[in-house]
Amino acid sequence: LFRSVAPGRTAFPDSVREITADPAAARQPVISRTVLSPGETAAAMPFEVALRMRGFDEMQARIARGELISASEKEAKYFPLSADHDRVVQWLKSQGLQVTRTDPNRLGIFGRGSVDAVGKAFQVSFARVVGVDGREYTSAVTAPSVSADIAPVVLGIHGLQPHIQRHP
């Protein structure tokens, strides 16, 4: 899961969970194979880049005190800056990835690309993983990273482990 990160890049280890290669592991995802077929590397991989809010701790403290914060104040003081959001969008596009939509508050950038392109952009390794549901998925097995110049505004990269399913 953790590997050395190339110079000029910042890793986001909390964006993925460790996966065992031990087939005897009970109720845990297991790596079934580490070499992907050409079709698997060409398959589309959706992802989200979550952006860091400015002054998040201050905002949480204000909310905990019962303060109401207007939409215009959140925009001015807490949501990611438009310039930072646009820089991340441009970085994703420069990596050959498609931006499919963005959050109106600039908190998330949703995109997609081939598994191969996503792997190169985020310098993440993929493998085939059998989830707890018994199905096989192409899933990240190392932590993603991004260019150090955009890393300060990135909170994490989500969706690289589709074997992890939400539970109601």
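Data block above holds the structure.
Here the structure is a predicted model, which is why all the values come from computation and not from measurement.

Further remarks concern the pattern of salt bridges. Taken as a whole and assessed by the stated rule, the structure comprises 11 salt bridges. One salt bridge in this structure joins Asp84 and Arg87, with 3.0 Å as the shortest N-O distance. Note that Asp84 and Arg87 are positioned in helix α4 (residues 82–94) at a spacing of 3 residues, about one turn of the helix. For Lys120, the salt bridge goes to Asp116, with nearest N and O atoms at 3.1 Å. Within this pair, Lys120 and its partner Asp116 are both found in helix α5 (residues 115–122), separated by 4 residues, close to a single helical turn. Given the relative accessible area of 37%, Asp116 is considered partly exposed. Each of Glu58, Arg62, Arg65, Glu67, Glu73 and Lys77 takes part in salt bridges that share partners, so that together they form one network.

Let's shift gears to the sheet that holds strand β4 (residues 98–102). By way of backbone hydrogen bonds, the strands of a sheet pair with one another, either parallel or antiparallel. Across the sheet, which stays open at both edges, the 4 strands sit in the order β4-β5-β3-β9 with antiparallel pairing between neighbours. The sheet is open, and its two edges are formed by β4 and β9 (154–158), each paired on a single side. Pairwise comparison of adjacent strand axes, ignoring direction, gives a mean angle of 25 degrees for this sheet. As defined by bridge partners, β4 adjoins strand β5 (residues 108–114) across 4 bridges and the pair is classed as antiparallel. Of the residues in β5, the one forming a bridge with Arg101 is Phe110. Along the sheet face, α5 touches β3 (44–51), β5 and β9 and points at about 125 degrees away from the line of β5.

What counts, and where the lines are drawn
- Residues numbered from 1 in each chain as written.
- Predicted model: local features only at pLDDT ≥ 70, side-chain atom pairs only at ≥ 80, totals over all residues.
- Heavy atoms only, no water.
- Salt bridge = Lys/Arg side-chain N within 4 Å of Asp/Glu carboxyl O.
- Helix = DSSP H or I, 4+ residues; strand = E, 2+ residues; numbered from the N terminus.
- Buried < 20%, exposed > 50% of the residue type's maximum accessible area, 1.4 Å probe, protein only.
- Pairing = 2+ DSSP bridges.
- Axes fitted to C-alpha atoms, helices over the stretch in contact; angles between N-to-C directions.
- Contact = heavy atoms within 4.5 Å.

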